[in-house]
Amino acid sequence: MPMKPEKLYLPGAALAVAALILLLPTYYVGLLTLAGTNALVCLGLAFLLAAGQLSLGHAAFLGGGAYATAILARDYGVPPPLAIALAVAACAAAAYVIGRLTLRLRGHYLPLATLAWGIAAYVCLVAATDLTGGASGLSDIPPPRVFGLEFGTRGMGAAAWIAVGLAFIAYCRIYRGRMGRAARAIKASPTMAAAFGVDVAAAKTRIFVLSAALAALAGGLYAFYMSFLSPTSFSIGVSFNLLIMVVLGGCLHPLGPLLGVLAFTAIELAAQYLIANLLGIPGQMETMLFGLILIVALLRWPNGLLTWVRLKPPARPAAADEPEAAPHPVSAGRRLSVDAVHKRFGGLQALKDVTLDIPPGRITGLIGPNGAGKSTLFNVMTAVLPASGGRVALDGDALPARAHEVVRRGVARSFQHVQLVPELTVLDNVLIGGHIQGKAGLLSAALGLDRAEERRLAREARAALELVGLADQALRPAASLTLGSQRLVEVARALMARPGVLLLDEPAAGLRGPEKTVLVQLMRKLRDEQGMAVLLVEHDMELVMGCVDYLFVLNYGALLAQGERQEVQRNPAVVAAYLGAEA
Ligand SMILES: Nc1ncnc2c1ncn2[C@@H]1O[C@H](COP(=O)(O)OP(=O)(O)OP(=O)(O)O)[C@@H](O)[C@H]1O
């Protein structure tokens, strides 16, 4: 069978880099080595950005890895590979502590916190004179040797790019797998990610630790290549440059950060040559020109170079993208009970003493005018919001207070406002719903041990898509679908979690006639064949009255009425409060 051209890219790139390291003059090999260490940091930073986290202090891990490696090798005679491994472990441990402390911060507080510890680390490097040599730097780092022969510039270049190659392969595998999807779900909406079982805090910390470990590895290689370290090489300016490289390349593909590093290095070289050699202008002019190019580039191409370098997403394990669906796995229906639930937002009482019973094998409707509290009740039931009072139970047991644990008990939901990851394919979005059906973490994905799991999940996702009539759209980007189809993808994603209780928040908004028919048939099928408990919040009264078995009516946060649909339809209080116009 002829080899696919994609399979030749990596060996081709490896050969090209090897040839450059062997043939280029030493000065350029040195630049390539530094590009390699930068590329390692940028791969980690890109993963962090893919999960919606921004670090302005990553040079601290680069510096930490470099200094720890240098001190271990120079002062304690630790062999180079062990010195690097120990430095990486130390930085990963520090990142774990920093991550636990800072990654809970949202909005601009997180970048500010990373900026603060970046500055603090720099100050420490300067102040700890006895250990680091302070502002004068740390010299005489022994060069690594193999069989008594010094590594030299070309040897260090090869070591750096072998590390980049391995890190790139690992990142591609992680990016296309369970944790890569979780990262992008967190970026799109932490609430949605948690609703499908992603422990957001733990996932963010793991990704942060991985990115710090890559930076520390880069630092270790940098220390041996330079054989001299100065704190200025790890200042905040360096953190910014690294970030610019990632943004310049783009984060929507693992190749983006590598493109960014190479483009940054090339622009820097060109700017130096143009300004200093051709125009003869000394000083910082090249930095200004460089800044200008970057501003224009980023304004013009917000996704960096990936805006116009079109790349296919990293391939999934063989056959995982093949249109092969397994029968959709069935879970037993469960009973969800809401008992005297209250919810206050400051002075606003959004839910007052609400009690509902949502038994298995029934489609239960929940209606009410705008602002009645339906979505708030959904959020309380799925632990997205804590209740101010009352109890939510599944088969009599209180549900956990953390959203990512609720779905593991068998309660899945869709959202009133569609929460898909727009740049991911429909299939990958549905696979987010299968997070709890998988186990693969960062390490097993990096080692390629998640293949069987990915294939199984992809087959299940296809089956879920077939149920909502979108099997033929599996490989399209979610953003290219109509709003109605996106809502059906949300339903398929919820089904991927194999729930016993399915909560649908306005799933018919934006759906066309045939799509509504698919939705109603699906709800009936889930009720009749799986005994699933379905709770439907919907404003489309024709659809509600056509399919629900039992109806609750909320008004101003309190239960106004409940009963069979005809009974509710005739209830004068409901007619007055809500159905008036339709009745
Ligand atoms: N996070 C919040 N903070 C403060 N008030 C909120 C919050 N979420 C909802 N509310 C308020 O709680 C009340 C109930 O809102 P909710 O969105 O649950 O109503 P709804 O029945 O889902 O309405 P709609 O049909 O328009 O979606 C509203 O008055 C709303 O403004």
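An unreviewed UniProt entry lists the chain under the name Branched-chain amino acid ABC transporter ATP-binding protein/permease, from Achromobacter veterisilvae. The UniProt entry for the chain carries the following text under Subcellular location (unreviewed entry): "Cell membrane".

Around the ligand, the structure places Phe345, Leu348, Ala350, Gly368, Asn370, Gly371, Ala372, Gly373, Lys374, Ser375, Thr376 and Gln416. Secondary-structure elements contributing two or more residues to the shell around the ligand are β4 (348-358) and α14 (374-381). Among the elements that line the shell around the ligand, the one with the most residues is α14, at three residues. Residues that form the shell around the ligand fall into these classes: four nonpolar, seven polar and one charged.

It is worth spelling out the packing of helix α3 (residues 59-76) against helix α10 (residues 200-226) at this point. The interhelical angle for the contact between α3 and α10, taken along N-to-C directions, is 45 degrees, at an axis separation of 6 Å. Taken together, the axes of α3 and α10 lie oblique to each other. For α3 against α10, the interelement crossing comes out right-handed. Residues Phe61, Leu62, Gly63, Gly64, Gly65, Ala66, Thr69 and Ala70 of α3 touch α10, and the partners they reach there are Ala212, Ala215, Ala216, Leu217, Ala218, Gly219, Gly220, Tyr222 and Ala223.

Closest axis-to-axis distance for the helix α4 (residues 80-102)/α10 pair is 8 Å, and the angle between their directions is 145 degrees. Here α4 and α10 pass one another in a crossing that is right-handed. Residues Pro80, Ala83, Ile84, Ala87, Val88, Cys91, Ala92, Ala95, Tyr96, Gly99 and Arg100 of α4 touch α10, and the partners they reach there are Lys204, Thr205, Phe208, Val209, Ala212, Ala213, Ala216, Leu217, Gly219, Gly220 and Phe224. When grouped by side-chain class, the residues that make up the contact of α4 with α10 number 16 nonpolar, four polar and two charged.

Turning our eyes to something else, we now look at the confidence of the model for the chain. For the chain, the average pLDDT comes to 88, and 92% of its residues sit at 70 or higher. Ranking the elements of the chain by mean pLDDT puts helix α13 (residues 285-300) last with 72 and helix α16 (residues 426-432) first with 96. With pTM at 0.88, the complex prediction returns an ipTM value of 0.96.

Time to look at the UniProt feature "transmembrane region" (unreviewed entry) in the chain. The UniProt record annotates "transmembrane region" (unreviewed entry) at residues 12-32, 39-62, 82-103, 115-135, 155-174 and 207-228. Annotated as 90% helix and 0% strand, the span residues 12-32 places its first and last C-alpha atoms 17 Å apart. Within residues 39-62, the helical portion is 67% and the strand portion 0%, while the C-alpha atoms at the span's ends are 12 Å from each other.

Quick look at the sheet that holds strand β9 (residues 501-505) now. As summarised here, the arrangement of the six strands in space is β8-β9-β10-β5-β11-β12, forming an open sheet in which the pairing is mixed. Pairing within the sheet leaves two strands with one partner each, and these edge strands are β8 (411-413) and β12 (558-563). Across the sheet, the mean angle from the axis of one strand to that of its neighbour is 20 degrees, orientation sign disregarded. Each of β5 (362-367), β8, β9, β10 (533-537) and β11 (550-555) is contacted by α14, which is oriented at about 150 degrees to β9, the strand it contacts most.

So, on to the sheet that holds strand β6 (residues 389-394). The strand order across the open sheet formed by four strands is β4-β3-β6-β7, and the pairing between neighbours is antiparallel. The strands lining the two open edges of the sheet, one partner per strand, are β4 and β7 (397-398). Where strand β3 (residues 336-345) and β6 come together, five bridges link them in antiparallel fashion. Following the sheet pairing, Leu336 is matched in β6 by Leu394.

Thresholds applied
Residues numbered from 1 in each chain as written. Predicted model: local features only at pLDDT ≥ 70, side-chain atom pairs only at ≥ 80, totals over all residues. UniProt positions renumbered as here; feature names shortened; annotations may be inferred. Near = placed C-beta within 6 Å. Helix = DSSP H or I, 4+ residues; strand = E, 2+ residues; numbered from the N terminus. Nonpolar A, V, L, I, M, F, W, Y, C, P; charged D, E, K, R; others polar. Axes fitted to C-alpha atoms, helices over the stretch in contact; angles between N-to-C directions. Parallel < 35°, antiparallel > 145°, perpendicular 65-115°, else oblique. Left-handed = near helix turned anticlockwise from the far one by under 90°. Contact = placed C-beta atoms within 7 Å. pLDDT = per-residue confidence, 0-100. Pairing = 2+ DSSP bridges.

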